Amino acid sequence: MRCLGLDLGSKRIGVAVSDELEVTVRDLTVILRKGGQHDLERIAHLAKELGVEKIVLGLPLNMDGTEGRQAELARKFGETLEEHLHIPVVLWDERLSSWEAEEILAKRGIKPHKRREVVDQVAASIILEDYLRENGEKPK
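Now for a description of the structure that goes with this document. (Residues numbered from 1 in each chain as written. Predicted model: local features only at pLDDT ≥ 70, side-chain atom pairs only at ≥ 80, totals over all residues. Heavy atoms only, no water.)

With that settled, the discussion passes to the overall build of the chain. Of regular secondary structure, the chain possesses four helices and five strands. Its helices and strands taken in sequence order, the chain reads β-β-β-α-β-α-β-α-α from the N to the C terminus. Its C-alpha atoms give the chain a radius of gyration of 14 Å, within 12% of the compact-globule value 14 Å for 140 residues. Projected onto its principal axes, the C-alpha coordinates of the chain cover approximately 40 × 35 × 30 Å. In the chain, 61% of the contacts between residues at least 6 apart in sequence involve partners at least 24 apart. Of the roughly 7,800 Å² of accessible surface on the chain, a fraction of 50% belongs to carbon and sulfur atoms. Positive and negative side-chain charges in the chain, numbering 22 and 26 respectively, have mean positions lying 6 Å apart. (Helix = DSSP H or I, 4+ residues; strand = E, 2+ residues; numbered from the N terminus. Rg over C-alpha atoms; globule rule 2.2 N^0.38 Å. Contact = heavy atoms within 4.5 Å. Areas by Shrake-Rupley, 256 points an atom, 1.4 Å probe, with all protein chains shown as cover. Lys, Arg positive; Asp, Glu negative; His and termini not counted. Charge placed at Lys NZ, Arg CZ, Asp CG, Glu CD.)

Next up on the list: the side chain of Glu94. Inspection of the secondary structure assignment puts Glu94 in the loop between β5 (89–93) and α3 (97–107). Here Glu94 occupies a buried position and makes no salt bridge, while the nearest side chain of opposite charge, Arg95, is found at 9.4 Å. The contacts of Glu94, once residues within four sequence positions are left out, are Asp7, Gly58, Leu59, Pro60 and Ile127. (Buried < 20%, exposed > 50% of the residue type's maximum accessible area, 1.4 Å probe, protein only. Salt bridge = Lys/Arg side-chain N within 4 Å of Asp/Glu carboxyl O.)

Turning our eyes to something else, we now look at the packing of aromatic side chains. Enumeration over the complete set of coordinates arrives at one aromatic pair. With a centroid separation of 5.2 Å and an interplanar angle of 85°, the aromatic rings of Trp92 and Tyr131 are classed as edge-to-face. Here the residue Trp92 occupies a position in strand β5, and Tyr131 occupies one in helix α4 (residues 112–134), the gap between them amounting to 39 residues. (Phe/Tyr/Trp six-rings, centres within 6.5 Å; stacked < 30°, edge-to-face > 60°.)

Here we take up the pairing of strand β3 (residues 25–32). In terms of strand pairing, strand β2 (residues 12–18) meets β3 through seven bridges, oriented antiparallel. The residue bridging Ile13 from the neighbouring strand is Ile31, located in β3. Counting the residues in the hairpin turn of β2 and β3 gives six residues, including Glu22, whose phi is positive at 60°. (Pairing = 2+ DSSP bridges.)

Our next topic: the packing of helix α1 (residues 36–50) against helix α2 (residues 69–85). Axes are the key here: two packed helices are described by the angle between their axes and the distance separating the axes. Relative to each other, α1 and α2 sit at 55°, their axes nearing to 10 Å. One way to sum up the angle between α1 and α2 is to call them oblique. Read as a crossing pair, α1 and α2 show a hand that is right-handed. Touching Gln37, Asp39, Leu40, Glu41, Ile43, Ala44 and Ala47 of α1 are Phe77, Thr80, Leu81, His84 and Leu85, all from α2. Grouping the amino acids of the contact of α1 with α2 by side-chain chemistry returns seven nonpolar, three polar and two charged. (Axes fitted to C-alpha atoms, helices over the stretch in contact; angles between N-to-C directions. Parallel < 35°, antiparallel > 145°, perpendicular 65-115°, else oblique. Left-handed = near helix turned anticlockwise from the far one by under 90°. Nonpolar A, V, L, I, M, F, W, Y, C, P; charged D, E, K, R; others polar.)

This next bit is on the sheet that holds strand β1 (residues 2–8). Here five strands make up an open sheet; going across it, the order is β3-β2-β1-β4-β5 and the pairing mixed. Of all strands in the sheet, those bounded by a partner on one side alone are β3 and β5. Each strand of the sheet is rotated relative to its neighbour by a mean of 25°, with strand direction disregarded. Relative to β2, β1 runs antiparallel, the two being bridged by five bridges. Considered in β2, the bridge of Leu8 is made with Ile13. Packing of α4 onto the sheet brings it into contact with β1, β2, β3, β4 (52–59) and β5, and relative to β2 it is tilted by some 45°.

Any functional reading would require information beyond the geometric quantities listed.
Pasting the structure below:
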């Protein structure tokens with residue numbers, strides 16, 4: 001089953017996708033947010049085009065594991081997305097995924113101003129990889 005990983009931000013949504021066997025994950029794109037129907041339609045288009053059967057949405061928990069305002073917004077977005085696409089949406093702890101993405105990009109030698117363009121899709125890959133790893137698959 002192919003899965004889509006999403007890193008939801010206020011300005012951008014990072015997108016990653018798994019292969020059909022849920023073994024590998026690749027960065028896909030960044031959706032610039034315009035809100036509401038636009039964001040839902042962009043994700044729906046990608047999901048249909050790729051044959052996605054599940055979406056893993058990053059849940060931004062506080063470092064102590066509690067939920068704040070951003071987590072509440074992610075939960076609401078996930079519910080709306082699931083209703084709109086009729087595809088299961090799984091929320092997954094995304095703590096430190098953006099930090100880890102920044103580290104990966106820095107090690108690759110990507111300049112800071114260029115990192116902003118891709119950090120969200122790398123974070124989406126990390127979220128999806130973590131989910132697949134914890135659910136029995138070992139992404140490479």
